[in-house]
Amino acid sequence: MVLQSGRQKKHGITPALLLKAYGCGLFPMAESADDPNIFWVEPKTRGIIPLDALHVPRSLARTIRRGKFEIRINSAFRTVIERCAEMADNRPSTWINTTIRDLYVTLHGMGHAHCVEAWHEGELVGGLYGVSLGGAFFGESMFTRKRDASKVCLVHLVNRLNKSGYVLLDTQFTTDHLKRFGAIDVAARRYDVLLEEALSVEPLPFA
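None of the values given here were measured: they were computed from a predicted structure. (Residues numbered from 1 in each chain as written. Predicted model: local features only at pLDDT ≥ 70, side-chain atom pairs only at ≥ 80, totals over all residues. Heavy atoms only, no water.)

J.: Run through the confidence of the model for the protein chain, naming residues and quoting values.
T.: In the predicted model, the protein chain carries a mean pLDDT of 91, and the fraction of residues at 70 or more is 91%. Long-range and interchain partners of residues 1-11, a stretch whose pLDDT sits below 50, account for 28 contacts in this model, where long-range means more than four residues apart. (pLDDT = per-residue confidence, 0-100. Contact = heavy atoms within 4.5 Å.)

J.: Tell me about the nonpolar core, and please be specific about residues and values.
T.: Leu-18, Tyr-22, Ile-96, Tyr-104, Tyr-129, Phe-138 and Leu-168 are the most contacted members of the largest nonpolar core, which totals 43 residues. The residues contacting Tyr-104, other than those within four sequence positions of it, are Leu-18, Tyr-22, Pro-28, Phe-77, Ile-81, Ala-113, Tyr-129, Val-131 and Glu-140. Val-125, Leu-128, Val-155 and Leu-161 belong to the second-largest nonpolar core, a separate cluster that totals 23 residues. (Core = buried A, V, L, I, M, F, W, Y, C linked by side-chain atoms within 4.5 Å. Buried < 20%, exposed > 50% of the residue type's maximum accessible area, 1.4 Å probe, protein only.)

J.: Tell me about the sheet that holds strand E4 (residues 45-48), and name the residues and values.
T.: Ordered in space as E5-E6-E7-E8-E9-E4-E10, the 7 strands form an open sheet in which the pairing is mixed. If you trace the sheet from one side to the other, it starts and ends with strand E5 (70-73) and strand E10 (184-187), each paired once. Taken pair by pair, the neighbouring strands of this sheet meet at an average axis angle of 35°, ignoring direction. Where E5 and strand E6 (residues 113-120) come together, 4 bridges link them in antiparallel fashion. Bridging across to E6, Arg-72 finds its partner in Glu-117. The strands that helix H5 (residues 149-164) touches are E5, E6, strand E7 (123-133), strand E8 (136-144) and strand E9 (168-172); relative to E7, the one it contacts most, it runs at about 35°. Lying over the sheet, helix H7 (residues 188-199) contacts E4, E7, E8, E9 and E10, oriented at roughly 95° with respect to E10. (Pairing = 2+ DSSP bridges. Helix = DSSP H or I, 4+ residues; strand = E, 2+ residues; numbered from the N terminus. Axes fitted to C-alpha atoms, helices over the stretch in contact; angles between N-to-C directions.)

J.: Outline the side chain of Asn-74, supporting the account with residue identities and numerical values.
T.: Residue placement: Asn-74 occurs in the loop between E5 and helix H3 (77-85). The exposure class of Asn-74 is buried, given its relative accessible area of 19%. At a separation of 3.0 Å, a polar atom in the side chain of Asn-74 contacts the side chain of His-114. At 2.8 Å, the side chain of Asn-74 and the backbone nitrogen of Cys-115 are in polar contact. (Polar contact = N/O pair within 3.5 Å; in protein donor to acceptor, adjacent residues only side chain to side chain.)

J.: Report on the environment of Ile-81, specifying residues and quantitative values.
T.: Structurally, Ile-81 is set in helix H3. Taking the C-alpha atoms as reference points, Ile-81 and Ser-141, 60 residues apart in sequence, are found 7.9 Å from one another. Once you skip the residues sitting within four places of it in the chain, Ile-81 turns out to touch Ile-96, Ile-100, Arg-101, Tyr-104, Val-105 and Tyr-129.

J.: Could you give me a rundown of the pattern of salt bridges, with the residues and numbers involved?
T.: Inspection of every chain in the model, using the stated rule, returns 4 salt bridges. Residue Asp-170 is joined to Arg-46 by a salt bridge in which the shortest nitrogen-to-oxygen separation is 3.0 Å. Of this pair, Asp-170 sits in strand E9 while Arg-46 is found in strand E4, placing the two residues 124 residues apart along the sequence. Exposure class is identical for Asp-170 and Arg-46. Each is buried. Two residues, Glu-70 and Arg-72, come together in a salt bridge whose shortest N-O distance is 3.0 Å. (Salt bridge = Lys/Arg side-chain N within 4 Å of Asp/Glu carboxyl O.)

Below is the structure:
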């Protein structure tokens, strides 16, 4: 179940307000890419990937060892979020509208939004992005144009978060895809405790 707490018109949310919302356990969504309005979401159960319990399937581990993809950090943030907003065969619509894209690009410039990118033969073929606040990383969305590209990005994200001293990876919701990597649901009350602990942590810079 999702709590939608209020709607904001196109220009009603500032980057500072967005960061404050994340610190309170809220995140924004739109009904569709064409809807300029945004609403706040607070799930009654929250998806997380415990950073000490990532599961990497054997076939994916082999792909990573072969170095099929070149991994870059924050080199094409705007492109990553634009690709995440595109429709695909398995994603006929998205919740990432122009307002959301602009807000997160601004957060990126402020050092609070980051992306992990997979490149193959000079082409961006997969990536993910999210928000960093204290020792918490809030995963937002991912895309892939080549098999396993976004999965490799997720593994690299978790490795980077662990090395940098992060303590919480928030996936917002759990999906069958994320569960294969160890994602679990936690109750809102438990999530609030984890978030409070994470916000008190000062990790190394993400990038």
